[in-house]
Amino acid sequence: MGRAVRFCVATLEPMYTASLRPLRYLQLVVAHGSFRAAGLAAGISQPAISQAMQRLEREWCIPLFEKEGRRKRPTAQALRVLDRLAEIGNALESLATQPADDCAERATATAPSTSTLTVGMAPAAAALYGPVIEEIWRSHHPEGKLQVINSHSEDMLAALDRSEIDLVIAPQSSSRPSAGRATQSLHAATPVLCARAGHPLTRATSLAQVVGAGWAVESDDGAGATVIREALRARRLPLPGVRVECSDYPALFDVVARSDLLCVVPHPVLLPCDDPPRIVPLRIQDPLPHYDVSVSWQVLPRRKVAAAVMAIIRVLTALPSHMH
């Protein structure tokens, strides 16, 4: 029986590959963000990619993409298609590699899932999206493990390309994504400058008024330090004096609450909910750099977590803007 299954899959492989070729092109457009880049990755022309996508839209009577600047943003329907495609591909892979007896044993197994979903997120992203991700993951794998890690954006994306991470939520990278990676924008970060309650600079309204202040940062090359450096550099003001570098935000807030140092919070959601407040935002009128935060995932996620990953993507990209 096992040989028969493998024989059938091998016999149907050319037909399977040809019939699903437009779906492979769909994967490449989502991963690369444009028809042109998808064509280069597939080794065919841009018009061929465009025609394949138009044919799919006509056959299914659904829109697959929305324009977002020069990028092609997949619709919720397109993401559902990729979800189903991942399930089909994984099912075929399982049939081709597992003997029939093993398949029967797995179908009757009652052991709970011990799958692990690994997500790379900065602290602000974890606060914004962590509960949603955990809820969706738990609905797919009640006994599974959710692992959240935090590192530099480029390091997490590199780990994603090596299949060491399943999802990354981080500032958009300027480097060209790999062929197997898809990316969707989630929100624009809105950093704020903060000080302890009662600090003399709490009445400051311009960056020029805080030039002489000392700063505490969560990391010397992290989001906070980068924001204040870019803001001061843009106005041709002296760069900030970083006096303290902390390992995490609770430690950062504790230092700022007990000193005259200022800090930058990448997103207001990270501010501690103290009553009365120990840390307060400054009312600076000068613009601060904003940066886009995106979710990235493998176009074909790992088989055990594929359904959960695509469900998470659908929910995150559909969240209303006030949730960010």
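All chains use their own residue numbering, which begins from 1 and follows the written sequence. Whole-chain, interface and lining totals are the exception, using all residues; otherwise, since this is a predicted model, local features are given only for residues with pLDDT of at least 70 and side-chain atom pairs are given and counted only at 80 or more. Note that the side-chain values use all heavy atoms of the structure and ignore hydrogens as well as water.

(A) Spatial organisation of the sheet that holds strand β11 (residues 279-281). Pairing within the open sheet is antiparallel, and its three strands lie in the order β10-β7-β11. Here the strands that pair on one side only, and so sit at the sheet edges, are β10 (263-265) and β11. Neighbour-to-neighbour, the strand axes of the sheet open up by a mean angle of 45°, direction not taken into account. At least two bridges found by DSSP between two strands is the condition for calling them paired. Secondary structure elements are taken from DSSP: a helix is a run of H or I of four residues or more, a strand is a run of E of two residues or more, and numbering for both begins at the N terminus. In this sheet, β10 lies alongside strand β7 (residues 192-196) in antiparallel orientation, the contact comprising three bridges. Note that in β10 the partner of L193 across the bridge is V264. Helix α10 (residues 249-257) contacts β7, β10 and β11 of the sheet and is inclined by roughly 140° relative to β10. Every angle, taken between N-to-C directions, lies between 0 and 180 degrees, and every axis is a line fitted to C-alpha atoms, over only the stretch in contact when it is a helix. Should any heavy atoms of two residues lie within 4.5 Å, those residues are considered in contact.

(B) Representation of the sheet that holds strand β6 (residues 181-189). Across the sheet, five strands lie side by side as β4-β3-β5-β12-β6; this open sheet has mixed pairing. Of all the strands in the sheet, the pair left with one neighbour each is β4 (145-149) and β6. Going from strand to strand, the sheet's axes swing by 15° on average, the running direction of each strand aside. For strand β5 (residues 167-171) and strand β12 (residues 291-298), the ladder comprises five bridges, and the chain directions are antiparallel. Within the sheet, the bridge partner assigned to V168 lies in β12 and is S296.

(C) Inspection of the layout of surface pockets at higher detail. In this analysis a 1.4 Å probe is tested at points of a 1 Å grid over the protein atoms alone, and where it fits but cannot get out there is a cavity; an open set with protein on both sides within 12 Å along at least five of seven lines is a pocket; lining residues have an atom within 4 Å of a point. Grid points are joined across faces, edges and corners, and a volume is the space filled by probe spheres set on the points. A volume near 810 Å³ is recorded for the largest pocket. What lines the largest pocket is a set of 32 residues, among which A122, S153, P171, G222 and A223 lie closest to the centre. Of all the secondary structure elements, the ones that give two or more residues to the lining of the largest pocket are α7 (123-140), α8 (153-161), β6, α9 (223-234) and β12. The dominant element in the lining of the largest pocket, judged by the number of residues it contributes, is α9, at four residues. When the residues that make up the lining of the largest pocket are grouped by side-chain class, the tally is 14 nonpolar, 13 polar and five charged. Just so you know the grouping, Ala, Val, Leu, Ile, Met, Phe, Trp, Tyr, Cys and Pro go in nonpolar, Asp, Glu, Lys and Arg go in charged, and all remaining residues, Gly too, go in polar.

(D) Structural view of the pattern of salt bridges. Whenever a carboxyl oxygen of Asp or Glu lies within 4 Å of a side-chain nitrogen of Lys or Arg, that contact is scored as a salt bridge. What the rule picks out here adds up to nine salt bridges. In this structure, R258 and D254 form a salt bridge, with 3.0 Å as the shortest nitrogen-oxygen distance. Given a relative accessible area of 30%, D254 falls into the partly exposed group. Put simply, D274 and R278 hold a salt bridge, and the shortest N to O gap is 3.0 Å. The cut-offs for exposure are 20% and 50% of the maximum accessible area for each residue type, with area from a 1.4 Å probe on protein chains only; residues under the lower value are buried, those over the upper are exposed, and the others partly exposed. With relative accessibility at 28%, the residue D274 sits in the partly exposed group. The structure contains a network of salt bridges with shared partners spanning D254, R258, D274 and R278.

(E) Representation of the nonpolar core in the model. L26, M53, Y129, I133, I169, W297 and L316 are the most contacted members of the largest nonpolar core, which totals 48 residues. With residues near it in sequence (within four places) discarded, I133 still touches L117, V119, M121, L146, I169, I312 and L316. The term nonpolar core refers to a set of buried residues drawn from Ala, Val, Leu, Ile, Met, Phe, Trp, Tyr and Cys, joined through side-chain atoms within 4.5 Å.

(F) Fine view of the packing of helix α2 (residues 21-32) against helix α4 (residues 46-60). Remark: α2 packs on α4, axes separated minimally by 9 Å, with the N-to-C direction vectors making an angle of 110°. With respect to α4, the element α2 is oriented roughly perpendicular. With respect to the hand of their crossing, α2 and α4 are arranged in left-handed fashion. Residue-level inspection shows P22, L23, Y25, L26 and V29 of α2 in contact with α4, the latter providing I49, A52, M53, R55, L56 and W60. Among the residues making up the contact of α2 with α4, the classes are represented as ten nonpolar, no polar and one charged. To sort the angles, those under 35 degrees are grouped as roughly parallel, those over 145 as roughly antiparallel, those from 65 to 115 as roughly perpendicular, and the leftovers as oblique. If you view the pair so one helix is near and one far, a crossing is left-handed when the near helix is turned anticlockwise from the far one by less than a right angle, and right-handed when it is turned clockwise.

(G) Up close: the side chain of T75. Secondary-structure assignment places T75 in the loop between β2 (71-74) and α5 (76-97). Given a relative accessible area of 5%, T75 falls into the buried group. Under this definition, polar contacts are N or O atom pairs within 3.5 Å; protein pairs additionally need one hydrogen-donor-capable and one acceptor-capable atom, and for neighbouring residues in sequence, both atoms have to be side-chain atoms. Engagement of the side chain of T75 in a polar contact is seen with the backbone oxygen of P63, the distance being 2.7 Å. Setting aside anything within four residues of it in sequence, one finds T75 in contact with P63, L64, F65 and E66.

(H) Molecular detail of the pairing of strand β3 (residues 116-121). Across the six residues of β3, five count as buried, placing the element largely inside the fold. Direction of pairing for β3 relative to β4: parallel, over a ladder of five bridges. Residue pairing for β4: L117 is matched across the bridge by L146. Clockwise travel from the first strand over the helix to the second, with the strands pointing away from the viewer, marks a crossover as right-handed. For the crossover from β3 across α7 to β4, the handedness is right-handed.

(I) Region of interest: the pairing of β2. For strand β1 (residues 65-68) and β2, the ladder comprises four bridges, and the chain directions are antiparallel. Directly across from F65, in β2, lies its bridge partner P74. Between β1 and β2, which pair antiparallel in sequence order, lie two residues; one of them, G69, sits at a positive phi of approximately 70°.

Honestly, it's all geometry; don't read function into it.
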